[in-house]
Amino acid sequence: MYRHISTGARMHRCFAILLILLGAGWLKAELALEDFTPTERDFELFEVADEPGETATEGNTFEQIEANSQWRSLSLEGSVGLIGAKRTMWSGSVGVAIPLFTSVSLVLRAEYNMELGASRAYRPQTRGLLFEPCIRLHLDFDESVAFFSQHGLSAIYRFDYFKLDDRVSDSDRGLVSSFALGTVHSVGLEFGERTWRGFVETGFRTSFVLVQSANDDVKGFKDDIREDFRFQWLVLRAGVRFYF
């Protein structure tokens with residue numbers, strides 16, 4: 001019994017000493033905090049930046065890309081291209097783009113198509129004049145690189161020349177003329193300075209003949225030419241745009 005009481009008394013004394021030590025430590029900390037005077041270095045350590053730092057995704061959001069396109073102004077362009085159809089043709093075009101909204105422009109293009117092959121009795125030599133009013137969406141991913149897509153209407157006036165007699169070099173030529181309407185769609189990349197930029201694009205064009213006329217000697221070819229209009233692949237168009 002004596003040993004049991006002695007052991008309990010020791011435990012109470014140890015517990016009391018621990019409480020006294022904790023109390024003394026707390027009192028010392030309170031006094032130290034009251035005497036604390038923050039220095040300039042302390043403010044630098046705990047200062048919160050007024051502006052958050054850039055994140056890894058900053059500059060890649062649609063809002064930022066759209067803001068990058070606000071500089072665009074009136075532009076003029078010229079281009080050459082390759083048209084894939086039943087009869088492959090080269091093309092040359094000029095156009096003007098008028099900004100409507102931040103990333104949207106109205107584009108008016110005039111194009112001339114030319115087949116390089118010579119006219120023969122059963123194979124025409126094709127020429128075409130086109131007018132295409134389009135809407136262009138452009139997104140500037142960088143100061144010198146932009147993506148664009150173009151969608152609109154296509155009006156085509158086309159001439160197909162047939163040589164009436166292969167045996168006579170200067171014989172008259174039969175003519176089938178056609179007027180067609182359709183749509184045009186293309187996508188591409190634009191690159192360069194803000195005052196001028198090069199571009200490349202590809203796409204396709206659809207069109208349907210509305211009116212046709214032909215010489216009596218070549219009326220039989222009208223249906224074949226009508227079929228040629230259904231679809232054209234804009235294999236490649238490359239050119240330059242000047243901004244004002």
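Residues numbered from 1 in each chain as written. Predicted model: local features only at pLDDT ≥ 70, side-chain atom pairs only at ≥ 80, totals over all residues. Heavy atoms only, no water.

## A closer look at the sheet that holds strand 8 (residues 231–243)
Here is step 1 of the chain: Around the barrel, eight strands lie side by side as 1-2-3-4-5-6-7-8; this closed barrel has antiparallel pairing. Neighbouring strand axes in the sheet, compared pairwise and without regard to direction, differ in orientation by 25 degrees on average.
Here is step 2 of the chain: The sheet contact formed by strand 3 (residues 104–114) and strand 4 (residues 125–140) spans eleven bridges and is antiparallel. Following the sheet pairing, Y112 is matched in strand 4 by L129. (Pairing = 2+ DSSP bridges. Helix = DSSP H or I, 4+ residues; strand = E, 2+ residues; numbered from the N terminus. Axes fitted to C-alpha atoms, helices over the stretch in contact; angles between N-to-C directions.)

## Details of the pattern of salt bridges
A pair can form between side chains of opposite charge whenever their charged atoms are brought close.
Here is step 1 of the chain: Here the structure, examined in full by the defined rule, presents 15 salt bridges.
Here is step 2 of the chain: Between E132 and R109 there is a salt bridge, with its nearest N and O atoms 2.5 Å apart. A residue pair is termed long-range when its members are at least 10 positions apart, and E132 in strand 4 and R109 in strand 3 qualify at 23 residues. Considered together, E132 and R109 belong to a single accessibility category, that of buried residues.
Here is step 3 of the chain: With its nearest N and O atoms 2.7 Å apart, the salt bridge here joins E190 to R241. Placement of E190 in strand 6 (residues 173–192) and of R241 in strand 8 is noted, with a sequence separation of 51 residues between them. No difference in accessibility class separates E190 from R241, as the two residues are buried. (Salt bridge = Lys/Arg side-chain N within 4 Å of Asp/Glu carboxyl O. Buried < 20%, exposed > 50% of the residue type's maximum accessible area, 1.4 Å probe, protein only.)

## Focus on empty space enclosed by the protein
Here is step 1 of the chain: Applying the stated criterion to the full structure yields three cavities of 30 Å³ or more.
Here is step 2 of the chain: In this structure, the largest cavity spans a volume of roughly 50 Å³.
Here is step 3 of the chain: Along its surface, the largest cavity is lined by R72, S73, S75, A97, P99, S105, R136, H138, E190 and Y243.
Here is step 4 of the chain: Within the residue set of the lining of the largest cavity, elements represented by two or more residues are strand 2 (89–101) and strand 4. (1 Å grid on protein atoms, 1.4 Å probe; cavity = no way out; pocket = protein on both sides within 12 Å on 5 of 7 lines; lining within 4 Å. Points joined across faces, edges and corners; volume = space filled by probe spheres on them.)

## Remarks on the pairing of strand 7 (residues 196–214)
Here is step 1 of the chain: Where strand 6 meets strand 7, 17 bridges bridge the pair, whose relative direction is antiparallel. From the neighbouring strand, T183 faces strand 7, where its bridge partner is T206.
Here is step 2 of the chain: What sits between the antiparallel neighbours strand 6 and strand 7 is a turn of three residues.

## Here we look at a nonpolar patch on the surface
Here is step 1 of the chain: A cluster of nonpolar residues, L74, L76, I98, L100, F101, I135, W196, F242 and F244, forms a patch on the protein surface that exposes about 910 Å² of accessible area.
Here is step 2 of the chain: By residue number, the principal contributor to the nonpolar patch is strand 2, which donates three residues.
Here is step 3 of the chain: Inspection of the secondary structure puts F242 in strand 8.
Here is step 4 of the chain: Looking at F242, the relative accessible area reads 41%, which means it is partly exposed. (Patch = residues over 30% accessible without salt bridge, like charges linked within 9 Å, V, L, I, M, F, W, Y side chains within 5 Å. Areas by Shrake-Rupley, 256 points an atom, 1.4 Å probe, with all protein chains shown as cover.)

Structural measurements only, silent on function.
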